[in-house]
Amino acid sequence: MSTVLQTNQLTKHFGRIKAVQELDLQIETGQVFGILGPNGSGKTTTLGMLLGVTKRTSGTFSWFEQGEGHALRKRIGAILEHPIFYPFLNSIENLKIAAHIKDVQNPDFDGLLKTVGLYDRRLDAFKTYSLGMKQRLAIATALVSDPDILIFDEPTNGLDPQGIADIRKMIVDIAEMGKTIILASHLLDEVQKVCSDFMVLKSGVKVFQGKVDDVLNQKQRIEVYADDEEALRTALSEVNQVSSVKFEYGVLVAELNEEYSARDLNTFLYERGIVASHLANVRSSLEEQFLSILDEDD
């Protein structure tokens with residue numbers, strides 16, 4: 001894999017407000033990279049600097065290991081804030097304007113609209129579109145120059161559950177076309193379902209970077225229930241490979257070290273005369289890991 005983005009000590013201050021502080025970041029070809037953080041953590045400011053619409057205070061960044069010029073930004077498609085379209089024009093007419101602005105020769109408008117699921121409504125005026133359809137057209141506009149990288153800032157904001165699911169699936173489908181995607185979001189579920197890699201921003205500071213799967217699979221979590229809860233708790237406390245035990249939604253949840261399995265735990269309990277009536281693997285959520293990361297940084 002080659003590096004598509006490298007930042008070095010990238011910083012932005014708005015007066016006394018330190019929006020982004022000394023950000024070091026590397027993104028590789030083919031990644032769906034999430035910039036995750038609460039509102040106000042510096043996500044949009046970071047994207048603004050990378051796209052040249054926000055002037056940085058200090059630091060550097062490089063696209064495709066070649067720098068940061070206008071010619072390189074032509075290889076990037078982006079949606080920041082809410083794209084503006086002409087309400088009385090249809091999707092093809094709006095795309096023609098976008099293609100003209102970007103100096104794109106012979107774009108495949110029909111193919112783009114099929115990719116984003118708007119082909120059947122291609123002749124309808126933009127003003128008749130739902131919010132989800134408007135976002136689809138925005139994605140088509142970002143794709144009109146066939147960019148190597150797509151950047152999305154909170155792509156599902158304001159959408160209903162079906163619209164959210166549709167846009168997330170579309171992002172995954174586009175990534176499978178060979179595009180590298182950078183996605184800023186405050187939604188943990190979005191990053192978990194869409195991204196391959198992510199970083200966490202907190203008050204403008206990167207506090208974590210890694211692969212989504214690695215974070216989710218750090219430890220096994222096992223739900224376990226037995227009629228004699230007190231005996232079960234005592235037994236679990238005696239297992240060196242159990243790092244913690246919590247009571248959640250009517251069952252005990254044991255966190256196991258990697259070398260210890262649910263079968264090992266069940267065998268141990270049985271040998272102690274405890275029959276578990278419920279024992280199941282629980283996949284850790286990104287929310288739990290995210291909160292743990294933020295807590296560790298405090």
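In the block above lies the structure referred to throughout.
Residues numbered from 1 in each chain as written. Predicted model: local features only at pLDDT ≥ 70, side-chain atom pairs only at ≥ 80, totals over all residues. Heavy atoms only, no water.

*Asks:* Lay out the overall build of the protein chain with the relevant residues and their values.
*Replies:* Per the secondary structure count, the protein chain includes eleven helices and 13 strands. The C-alpha extent of the protein chain, read off along each of the three principal axes, is 75 × 45 × 35 Å. Counting over 298 residues, the protein chain shows a buried share of 45%. Restricting to contacts in the protein chain with at least 6 residues of sequence separation, those with at least 24 account for 68%. (Helix = DSSP H or I, 4+ residues; strand = E, 2+ residues; numbered from the N terminus. Buried < 20%, exposed > 50% of the residue type's maximum accessible area, 1.4 Å probe, protein only. Contact = heavy atoms within 4.5 Å.)

*Asks:* Can you tell me about the nonpolar core, naming the residues and giving the values?
*Replies:* Val116, Leu137, Ile139 and Ile181 are the most contacted members of the largest nonpolar core, which has 42 residues in total. Looking at this core element by element, the count peaks at seven residues for helix α5 (residues 131–143). Ignoring any residue separated from it by four or fewer positions in sequence, one finds Leu137 in contact with Phe85, Ser91, Asn94, Leu95, Leu113, Leu118, Phe126 and Tyr129. Grouped together as the second largest cluster of nonpolar side chains are 24 residues, Leu51, Phe61, Phe64 and Ile76 included. (Core = buried A, V, L, I, M, F, W, Y, C linked by side-chain atoms within 4.5 Å.)

*Asks:* Which residues make up the environment of Gly210, and what values go with them?
*Replies:* On the secondary structure map, Gly210 appears in strand β9 (residues 205–211). Gly210 sits in the buried class, given a relative accessible area of 19%. Counting along the chain gives eleven residues from Gly210 to Met199, while the straight-line C-alpha distance between them is 6.4 Å. Sequence-distant contacts of Gly210, that is, excluding residues within four places in its chain, are made with Asp197 and Phe198.

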